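Descriptive structure summary
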Amino acid sequence: MKTITKTDIITRTLEILPGACSWLILCAAVGLAFFQPIVCAVLIITFDFYWIIRTAYLTILLVLARRELLRHKDKNWLRACERLPARYGWRNKYQVVLFPVYREGLEIMRASLASIRDAQYPKDKIIVILSFEERYAPAKAHAMALEEEFAQSFGGYRTTFHPVGLPGESPTKGANATWGARFAKEFLSELGVRCDDVVISCFDADTCVEKQYLGCLMYHFLTADKPHQTSYQPIPVYNNNIWHAPSFARLVEISSSFTQLMESMRVEKFVTFSSHSMSFKTLVDIDYWPKNMVSDDSVIYWKAYLFYKGDYRVMPLYITVSMDAAFSTSLWKTIVLQYKQKRRWAWGIENFPYVVSRF
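What counts as what
Residues numbered from 1 in each chain as written. Predicted model: local features only at pLDDT ≥ 70, side-chain atom pairs only at ≥ 80, totals over all residues. Heavy atoms only, no water. Core = buried A, V, L, I, M, F, W, Y, C linked by side-chain atoms within 4.5 Å. Buried < 20%, exposed > 50% of the residue type's maximum accessible area, 1.4 Å probe, protein only. Helix = DSSP H or I, 4+ residues; strand = E, 2+ residues; numbered from the N terminus. Contact = heavy atoms within 4.5 Å. Pairing = 2+ DSSP bridges. Right-handed = clockwise from strand over helix to strand, strands pointing away. Salt bridge = Lys/Arg side-chain N within 4 Å of Asp/Glu carboxyl O. Expected span 1.5 Å × (residues − 1). Axes fitted to C-alpha atoms, helices over the stretch in contact; angles between N-to-C directions.

Regarding the nonpolar core
In this structure, Phe99, Ile116, Val128, Leu130 and Tyr213 are the most contacted members of the largest nonpolar core, which totals 49 residues. Among the elements of the structure, α3 (77-82), β1 (94-101), α4 (106-117), β2 (126-133), α5 (139-150), α7 (213-223) and β8 (313-322) are those that each provide at least two residues to this core. A total of seven residues in this core trace back to one element, the largest contributor, which is α7. With sequence-adjacent residues up to four places away left out, valine 128 is seen in contact with Val97, Phe99, Leu113, Ile116, Phe154, Gly156, Tyr157 and Arg158. Counting 28 residues, the second largest nonpolar core, distinct from the first, contains Leu98, Cys202, Tyr288 and Tyr308.

Shown next, in the form of structure tokens:
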């Protein structure tokens, strides 16, 4: 039986604290309605007024973010890389695209890999790593089918299988991504490529990139003030299967994209989300993604932020990556699936004890 330590108690207290505060406020509002109705009314009116101002503010951010998307939409980013002075050495840089894969089917993976293959970027500078979960029975058959179709499309293409039950791991995407990234590091060493010259993108298995994405990413990596102290975040949209989804799912997914657009304009609060990119050197230095946390895509930002003592940021890329909208065979099942997806995204509360304890 595990011994409960002081650290465990502090961590659990910090996990409970934000939710407890939320419930306290809600219960206090109900209590005030009975015992101090005037005070309660003033607080509710003040809160409503605050949200009117906030809604106007967020709408302005959304409009500004859309303008940035339109401004960058038709830019030829590969040509922009080619026009950079020779000292930037972009032709010596590589891009690793890592796909942690679990139950995603062949058609989903084919679309994602095809989007990388069709990108306007030198294919000999692209290395694709597929990290399958060993516990998923069809994984090896899927891996063989995809390797036969795409292995010759890139400068490097490798498949690996994340074992079950490694020490210190939970069955999370972060554990799989870390396994795949360590495998990629070994492969880069065989090729004689330095981690300093590599940008890695960790994509959900259903992520399809725009043709200019890799060029856009490399341009911003090369021109950033501190490229190794920056993560690069595209705008996620859920368009892959949007017309197959019911209207309820479309509305929710479009709202998610709107939220990400608004967040991209608030760079002081912007953190990585879902599919993102960063320096491979930095990823190695901070010891990869967490292997026992659900919100690996945001915790990786905080790991880098703490490693560089606050001198780390997320740069928004005003270019989209498209993923699948979550829906099922009936409206009720779609609602349940959407709830579970948003609950998983909201699991970022585990960032709070992680950050507070390390501050």
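Focus: the pairing of β2
Within a regular beta strand, the side chains point alternately toward one face of the sheet and then the other, so they alternate between its two faces. Counted residue by residue, β2 has eight buried out of eight residues, so it is predominantly covered. Because side chains alternate across β2, one face comprises the buried residues Ile126, Val128, Leu130 and Phe132, and the other comprises Ile127, Ile129, Ser131 and Glu133, equally buried. Across seven bridges, the pairing between β1 and β2 is parallel. Bridging from a neighbouring strand, valine 97 pairs with valine 128 of β2. Read from β1 through α4 to β2, the crossover connection turns out right-handed. Bridge count between β2 and strand β3 (residues 156-162): seven bridges; the pairing is parallel. In the strand pairing of β3, phenylalanine 132 is matched with phenylalanine 161. Crossover β2 to β3 through α5 is right-handed.

Digging into the pattern of salt bridges
Two side chains carrying opposite charge are able to pair once their charged atoms lie near each other. Taken as a whole and judged by the stated rule, the model has 14 salt bridges. Among the ionic pairs, lysine 93 bridges to aspartate 197, the shortest N-O distance being 3.1 Å. Of the two residues, lysine 93 is situated in the loop between α3 and β1 and aspartate 197 in the loop between α6 (173-191) and β4 (198-202); the sequence distance between them amounts to 104 residues. The pair formed by lysine 93 and aspartate 197 is uniform in burial state, with each residue classed as buried. Glutamate 149 is the salt-bridge partner of arginine 110, the closest N and O atoms lying 2.8 Å from each other. Taken together, the positions of arginine 110 in helix α4 and glutamate 149 in helix α5 put the pair 39 residues apart, joining distant regions of the chain. The exposure class assigned to arginine 110 is partly exposed, which follows from its relative accessible area of 24%. A relative accessible area of 38% means that glutamate 149 is categorised as partly exposed. Within this structure, Lys93, Arg194 and Asp197 form a network of salt bridges that share partners.

With respect to helix α11 (residues 331-345)
Helix length check: α11, at 15 residues, gives a terminal C-alpha distance of 21 Å against a target of 21 Å (1.5 Å per residue), a fit within 8%. Check the buried side of α11 and you find it contacts α8 (247-264).

Some remarks on the side chain of threonine 272
Of note, threonine 272 is situated in the loop between α8 and β7 (276-279). Given a relative accessible area of 2%, threonine 272 falls into the buried group. Once residues within four sequence positions are removed from consideration, threonine 272 is found in contact with Ser231, Gln233, Asp297, Ser298, Ile300, Tyr301 and Val314.

Let's talk about the sheet that holds β2
With mixed pairing, eight strands are arranged side by side in an open sheet as β3-β2-β1-β4-β7-β6-β8-β5. Every other strand in the sheet has two partners, leaving β3 and β5 (208-209) as the edge strands with one partner each. Judged from the seven bridges that link them, strand β6 (residues 230-237) and β8 form a sheet pairing that is parallel. If you follow threonine 230 over to β8, its bridge partner there is arginine 313. Across the sheet, α8 lies against β6 and β8, angled at about 150 degrees from β6, the strand it touches most.

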